[in-house]
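Single-letter residue listing:
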Amino acid sequence: MLTSPLPSSGARRYRSLVPIAAGTTFLAAVVIAFANAYWISTFSSVVALALACSGIAVLYGQLGLVSLCQYALLGVGGWVALRVSHGLHASFEICLLAGGLVAAMIGVLWGLPAFRLRGLYLAVVTLMLAGTFQVVISASGFPDGGPGFFGRADAAQRQLMARPRIAEGDRAYLAYAFAVLLLGLILVELHRRSVPGRAWALIRRSETGALAAGVNIAFYKAWAFALSGFLAGIGGGLLAGAVGQLDGRAFTAADSILVFALTVVGGAYDWFGPIIAGLLLRAVPSLLTDFAVNGYIALVIFGVALLHALVTAPVGIAGQLSAVAARFSARLGRAGRRA
Amino acid sequence: METFLPFLASGTGIGAVYALSGVGLVVLYRTTGVLNLAYGALGALAAFVAWTMIEAGQPAPLAISAGIVATAAGSLVYGGLIAPRLAYRDRVVRAVGTLGFALILLGAIGWYWGEAPRRLLLATDKLYLELWSVRLTYTRILALITALVMVAGVALLLRRSRLGLSMRALADDRNVSAVVGIKVGTIEMVAWLISGVFAGICGIFLGDLVRLEAHLLTFLVVPAISAAIAGRLSGLTETAVAGVLIGVGEALLTPIQAIAPYRTAVPFVVALAAVALLPTHRSVESD
């Protein structure tokens, strides 16, 4: 079944946090130790996008909802983080949180149609919202230290967003970003292992059944949208901090579609699926550039991968890797017993 | 009023194409249950094929026909090979599948034709009528006439012919249609073919009237979806009217300085409003 197993009771319930912490830390250590400056900056965006993808994974993996505006929500988070940073000179964490919270609120607002209309219409509505955001943000731009609320600075006076004091350098900032990603992944896992996760699983199975079991459907759906928006918003803040400023023209509806597509390809049911999605979104195009392959080839590959994932591998790359690992450990277990 | 008239004229031409593409989407959705998000990318394929052949010195009618054939073939390939594999999944998953197709088309077009700005030029661009001191190129008039003829034609086909009856039966209930002996697969392929031809014609018009750019043309599926949603994904007339209104609305905002940069948001706003006004109907919920 595609729905996550119902959480077991007691402390064992949280055992799944161990591989998440270990895996993320290991990846972070390897990248920070070995990557050159180019890949350090690429990975900063990978991490930011992985957070946004983990939000999609909550909606699609837990509730089967298709949201095509996640990159726009990332933009909302980035906008708020930049605004707070330039306007109040608040600490980086405050900027991140503000971005996350506002994106969470917008996420719930944009998810409102899901309470009334499901499925296809939600996908269409979120696509329209991503398109509207694209039009608005490319006309108005992101805060860059210019005067006033919507003020734009001249090219020479554009300011970069202040990074956290403990992570001014690129390498340190990447470590910081990985730490935030880990917190985000833990937050998602805790949700999946406790009351909201059970409620989502019930809603996914049957809304009527969930209603009969006393689940407040609207509340838990809103919660999922809020969590998804929060993660995208935090990702947006991280991206703004990594680059220093954001380009309004870079937040297109096509990006939102790609973020969704590659989350499905990466795997929406395993904790590391969003990280694979982030790698596909940012690291694979960088790799192709390294090998001087036309960037459009990546689009073709992503399209084929999405169709492949939908038709034959609904669990995505992460799900397939998990299955291989499970088979391997089962074989090891049998061999151990025999010895 | 004087300032708005030229924009009204240009908006009507584009609106007619939006109407045409909206109707193409609805015909496919009603019959197969697939909301084809690759519709714009398919149209782009037709425009690029036609452009290449015209550049190579071929006569325009041949080039246009080749473009439409290419698009119809693309539509049939997806409808025949991929769509049946998703036939029993949620409608939203089937729509997401067409996103994959759109990415493939977009990537292939970008890879083969590159990003150089182009325009598809047709002989009809240079001829024009003057109505109330507003120039109306033959291309726009042609777009209007084509839209009227094709929408009326498809409406007649659905209402009067045996094929249309089968298509409407499929829209009502796939399984029951199969039981009473309707060849579900064949009828669906016909729907993919019709919608592919519509997409091709729309793509060529938009490549001429707007710009020949893959990304832009791919996302011109949005006004078409907006029109289709306004027609609740089933009404042909409502869809066509909404398409024209979106085109006109977008164009009329051009001379208003304060709103002009935001005018491309018109189709989004129309679709959002249409969804907000949509009644909570069983058929809407059952997806």
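Everything quoted here is computed from the prediction, not taken from an experiment. (Residues numbered from 1 in each chain as written. Chains lettered and ligands numbered in written order. Predicted model: local features only at pLDDT ≥ 70, side-chain atom pairs only at ≥ 80, totals over all residues.)

1. Things to note about the overall build of chain B
Moving on, step 1. Summing up its helical and strand segments, chain B has 13 helices and two strands in all.
Moving on, step 2. Taking 287 residues into account, the globule formula puts the C-alpha radius of gyration at 19 Å, and chain B, at 19 Å, falls close to it.
Moving on, step 3. Overall, the C-alpha framework of chain B stretches about 60 × 45 × 35 Å when taken along its three principal axes.
Moving on, step 4. Taking all 287 residues of chain B together, 50% fall into the buried category.
Moving on, step 5. Excluding contacts between residues fewer than 6 apart, the proportion of contacts in chain B whose partners are at least 24 apart in sequence is 75%. (Helix = DSSP H or I, 4+ residues; strand = E, 2+ residues; numbered from the N terminus. Rg over C-alpha atoms; globule rule 2.2 N^0.38 Å. Buried ≥ 20, exposed ≤ 12 C-beta atoms within 10 Å, placed from the backbone. Contact = placed C-beta atoms within 7 Å.)

2. A look at the interface of chain A and chain B
Many descriptions give the size of an interface as the accessible area lost when the pieces come together.
Moving on, step 1. In this assembly, 33 residues from chain A lie in contact with 39 residues from chain B.
Moving on, step 2. Elements supplying a minimum of two residues to the side of chain A that touches chain B: α5 (113-116), α6 (120-140), α11 (253-266) and α13 (295-311) of chain A.
Moving on, step 3. Counted by class, the side of chain A that touches chain B contains 26 nonpolar, five polar and two charged residues. (Nonpolar A, V, L, I, M, F, W, Y, C, P; charged D, E, K, R; others polar.)

3. Notes on the packing of helix α1 (residues 5-32) of chain B against helix α11 (residues 236-252) of chain B
Residues and elements named next belong to chain B.
Moving on, step 1. α11 packs onto α1 with a crossing angle of 145 degrees between their chain directions and a minimal axis gap of 6 Å. Where α1 crosses over α11, the handedness of that crossing is right-handed.
Moving on, step 2. Among the residues forming the contact of α1 with α11, the class breakdown is 17 nonpolar, eight polar and one charged. (Axes fitted to C-alpha atoms, helices over the stretch in contact; angles between N-to-C directions. Left-handed = near helix turned anticlockwise from the far one by under 90°.)

4. Concerning the nonpolar core
Moving on, step 1. Counting 210 residues, the largest nonpolar core has A177, A261 and L306 of chain A together with V17, L20 and L105 of chain B as its most contacted members.
Moving on, step 2. Per element, the largest residue contribution to this core is 15 residues, and it comes from helix α2 (residues 37-63) of chain A.
Moving on, step 3. A261 of chain A has contacts with F302 and L306 of chain A together with L99, G100 and L103 of chain B, leaving out every residue within four places of it along the chain. (Core = buried A, V, L, I, M, F, W, Y, C linked by C-beta atoms within 7 Å.)

5. A few points about unusual backbone geometry
Moving on, step 1. In this model, H89 of chain A sits at a positive phi of 50 degrees, which is unusual for a non-glycine residue.
Moving on, step 2. Within the element layout of this structure, H89 of chain A appears in the loop between α3 (70-88) and α4 (92-111).
Moving on, step 3. Taking the number of C-beta atoms within 10 Å as the measure of exposure, H89 of chain A has 10 and is therefore exposed.
Moving on, step 4. Residue R232 of chain B is not a glycine yet carries a positive backbone phi of 50 degrees.
Moving on, step 5. Tracing the chain through its elements places R232 of chain B in the loop between α10 (221-230) and α11.
Moving on, step 6. According to the C-beta neighbour criterion, R232 of chain B is partly exposed, with 18 such atoms within 10 Å.

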